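Breakdown of the fold
One letter stands for each residue in the lines below.
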Amino acid sequence: MSTATPATQALKRAGVAFRTIEYDYVAGQDRIGLHAAEAIGVPPERVLKTLMVEVDGKPACAVIPSDRTLSMKRVAAAFGGKSAHMMPPEKAERLTGFHTGGISPFGQKRRVPVAFEDTAAAAEVVINGGRRGLMVALAYADALRVAEGAARPLIAE
């Protein structure tokens, strides 16, 4: 199967070093990020999940370790808002151009503000590559740069 997606194309255009990792995506998983981490043999704190949120009614993207949970209070603060909630899956798919379980912070159809959990700064992180069952491994600093993201505290304590 091809590894060319809008996400991998965005990484190539940016000139960053990355590698793709494919795994057998199983639909209906409660915790897709943890399933992916186990399937590819990478610690869950290095496998980052991409979550689409709405802050004061405006779309945004939060990227956190797969074994952690978002703090909506911290998400709102990270994006300069008062309240935040998860974006409905159908809306996230329309906005990003990706299917849930395959949403990447790179190459989204519509550009939105992006924040990465600031404690996720491992040398190399693994993030969805824009298709279910496709991950990309790259340097955390490169991920931040390509996504034009900011490192902020996002997870529940």
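Reading guide: rules and limits
- Residues numbered from 1 in each chain as written.
- Predicted model: local features only at pLDDT ≥ 70, side-chain atom pairs only at ≥ 80, totals over all residues.
- Heavy atoms only, no water.
- Helix = DSSP H or I, 4+ residues; strand = E, 2+ residues; numbered from the N terminus.
- Rg over C-alpha atoms; globule rule 2.2 N^0.38 Å.
- Contact = heavy atoms within 4.5 Å.
- Areas by Shrake-Rupley, 256 points an atom, 1.4 Å probe, with all protein chains shown as cover.
- Lys, Arg positive; Asp, Glu negative; His and termini not counted.
- Charge placed at Lys NZ, Arg CZ, Asp CG, Glu CD.
- Phe/Tyr/Trp six-rings, centres within 6.5 Å; stacked < 30°, edge-to-face > 60°.
- UniProt positions renumbered as here; feature names shortened; annotations may be inferred.
- Salt bridge = Lys/Arg side-chain N within 4 Å of Asp/Glu carboxyl O.
- Buried < 20%, exposed > 50% of the residue type's maximum accessible area, 1.4 Å probe, protein only.

1. Observations regarding the overall build of the protein chain
Looking only at helices and strands, the protein chain has 5 helices and 8 strands in total. In terms of C-alpha radius of gyration, the protein chain reaches 14 Å, essentially the compact-globule figure of 15 Å for 157 residues. Restricting to contacts in the protein chain with at least 6 residues of sequence separation, those with at least 24 account for 62%. Accessible area of the protein chain: about 7600 Å², with a carbon and sulfur share of 51%. Between the averaged position of the 20 positive side-chain charges in the protein chain and that of its 16 negative side-chain charges there is a distance of 7 Å.

2. So, the packing of aromatic side chains
How two aromatic rings sit relative to each other is given by the distance of their centres and the angle of their planes. Tallied over the entire structure, the rule returns 1 aromatic pair. Ring centres of Phe 116 and Tyr 140 lie 6.0 Å apart, and the angle between their planes is 85°; this geometry places the pair in the edge-to-face category. Placement of the pair is Phe 116 in strand E5 (residues 114–117) and Tyr 140 in helix H5 (residues 140–147), with a sequence separation of 24 residues.

3. Some words on the UniProt feature "domain: YbaK/aminoacyl-tRNA synthetase-associated" (unreviewed entry) in the protein chain
Following the UniProt record, the feature "domain: YbaK/aminoacyl-tRNA synthetase-associated" (unreviewed entry) maps to residues 36–145 here. Helix makes up 24% of residues 36–145 and strand 35%, whereas the separation of the span's terminal C-alpha atoms amounts to 24 Å.

4. A few points about the pattern of salt bridges
Scanning the model with the defined rule gives 7 salt bridges in all. Its salt-bridge partner being Arg 111, residue Glu 148 comes within 3.4 Å of it at the nearest N-O pair. Of this pair, Glu 148 sits in the loop between H5 and strand E8 (150–152) while Arg 111 sits in the loop between helix H4 (89–96) and E5, placing them 37 residues apart in sequence. The class of Arg 111 is partly exposed, set by a relative accessible area of 47%. For the salt bridge of Asp 142 with Arg 145, the shortest nitrogen-to-oxygen distance reads 3.6 Å. Placement of both Asp 142 and Arg 145 in helix H5 is noted, with a separation of 3 residues, approximately one turn of the helix. Overall, the relative accessible area of 48% leaves Arg 145 in the partly exposed class. Residues participating in the shared-partner salt-bridge network are Arg 19, Arg 46 and Glu 124.

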